[in-house]
Amino acid sequence: MLFYSPILFYQEEKMISLKTSNLFLILTLCTTAHVTASEEVIVQRSPGGYFTGVSPHQSPVRQTRAEERINPDPLKITGPRDAKALDQLRVTKSREIYLNGVYKVVEEAGEYVNDGPLTISPETINPEVEVLSLTVCGLGPDQIQGIGGFNKLRMLILDCNGRLKDGILSIVPLKTLTSLSLFSTGLTNAGLRGVLTLPNLLELDIRQNKEVTDEVANELLEETKLKMLRAYSTGLSENVQHQLAHKYKLIKH
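Residues numbered from 1 in each chain as written. Predicted model: local features only at pLDDT ≥ 70, side-chain atom pairs only at ≥ 80, totals over all residues. Heavy atoms only, no water.

### Some words on the overall build of the protein chain
A tally of regular secondary structure across the protein chain gives 5 helices and 19 strands. Here the protein chain, with 253 residues, has 42% of them falling under the buried criterion. Excluding contacts between residues fewer than 6 apart, the proportion of contacts in the protein chain whose partners are at least 24 apart in sequence is 48%. (Helix = DSSP H or I, 4+ residues; strand = E, 2+ residues; numbered from the N terminus. Buried < 20%, exposed > 50% of the residue type's maximum accessible area, 1.4 Å probe, protein only. Contact = heavy atoms within 4.5 Å.)

### Examining the nonpolar core
Counting 47 residues, the largest nonpolar core has I120, L132, L156, L180, L192, V195 and L204 as its most contacted members. Of all elements in the fold, only β7 (75–78), α2 (83–91), β9 (96–100), β12 (131–135), α3 (189–195), α4 (217–221) and α5 (238–247) reach the threshold of two or more residues within this core. Once residues lying within four places of it in the same chain are set aside, the contact partners of L204 are L180, L182, L192, V195, L196, L226, M228, L229 and R230. (Core = buried A, V, L, I, M, F, W, Y, C linked by side-chain atoms within 4.5 Å.)

### Some points on the sheet that holds strand β10 (residues 104–108)
In spatial order, the strands read β8-β10-β11; together these 3 strands make up an open sheet with mixed pairing. Each having just a single partner strand, β8 (81–82) and β11 (111–114) make up the two edges of the open sheet. Bridge count for β8 against β10 is 2 bridges, and the pairing is parallel. When the sheet's bridge partners are listed, R81 is paired in β10 with K104. (Pairing = 2+ DSSP bridges.)

### Here's the deal with unusual backbone geometry
Unlike most non-glycine residues, K165 shows phi in positive territory, near 45°. Mapped onto the fold, K165 is located in the loop between β13 (155–157) and β14 (179–181). A positive phi is found at S233, a non-glycine position, where the angle reads about 60°. One can find S233 in the loop between β17 (228–230) and β18 (234–235). Judged by its relative accessible area of 31%, S233 is partly exposed.

### So, the confidence of the model for the protein chain
It should be kept in mind that the predicted coordinates are not to be read in detail where pLDDT is low. Considering every residue of the protein chain, the mean pLDDT works out to 77; 70% of them sit at 70 or more. In this model residues 1–70 is a low-confidence stretch, pLDDT under 50, and it forms 100 contacts with partners more than four residues away in sequence or in other chains. (pLDDT = per-residue confidence, 0-100.)

### Topic: the packing of aromatic side chains
Geometrically, a pair of aromatic rings is defined through the distance of the ring centres and the angle of the planes. Applying the stated criterion to the full structure yields 0 aromatic pairs. A cation over a ring is seen here: K76 above Y98, with NZ or CZ 5.7 Å from the ring centre. The side chain of K247 reaches across the aromatic face of Y248, ending 5.3 Å from its centre. (Phe/Tyr/Trp six-rings, centres within 6.5 Å; stacked < 30°, edge-to-face > 60°. Lys NZ or Arg CZ within 6 Å of the ring centre and 35° of its normal.)

### Things to note about the side chain of T188
Position of T188 relative to the elements: it lies in the loop between β14 and α3. The class of T188 is buried, set by a relative accessible area of 11%. Contacts of T188, omitting those with residues within four sequence positions, involve K165, D166, E211 and V212.

Structure representation (structure tokens):
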């Protein structure tokens, strides 16, 4: 049977890859359950060919039907919010929270004015969260001092919070973290050294951080658990990036 939407079938032994224009369909002959593209993966090019991983636009937390009754859909909030609206961050049972451009506002003389960035801690956000995305939220070191208290967090996205710099070290207690994105966060060599101590980290994005230099090349080239690294547009030299491309699935996008 021919399907027009990409469907990924899993098989232990045999996989057939077909290329049609810009779309890659991975079809296998099997009788196991299938996963549709709306639920699951993205196919990306790597130096070794193609590998599958969770799309940043898809839900990375799989749930059984019984779990779905307990854990609601991901919570997504965009833009500034007042304190009442932000209360849901604390009371939500969702294990996935996505905030984009969110900061606090207060009403003054009939108008809402910026009241600063959120404070990120288990006291302000559901402590059971497993996936937390905080993009363009104006966060600095003071706002993430308590972020190490999320003891179930597996994926953390802090993109475009350029004031974080060495404040990134606050995430070092996150022993369960497997995926971390620090795109344009002002990351420094010291901060990256701290990140590389995370014991279960498999995926790391440090793009657009010019303060990351060859000073940390040895740490990046040593044996780590990292399976995937995005490190373009940093202060790393071409020679170091070439070496990293051979060591990791170094992805440009």
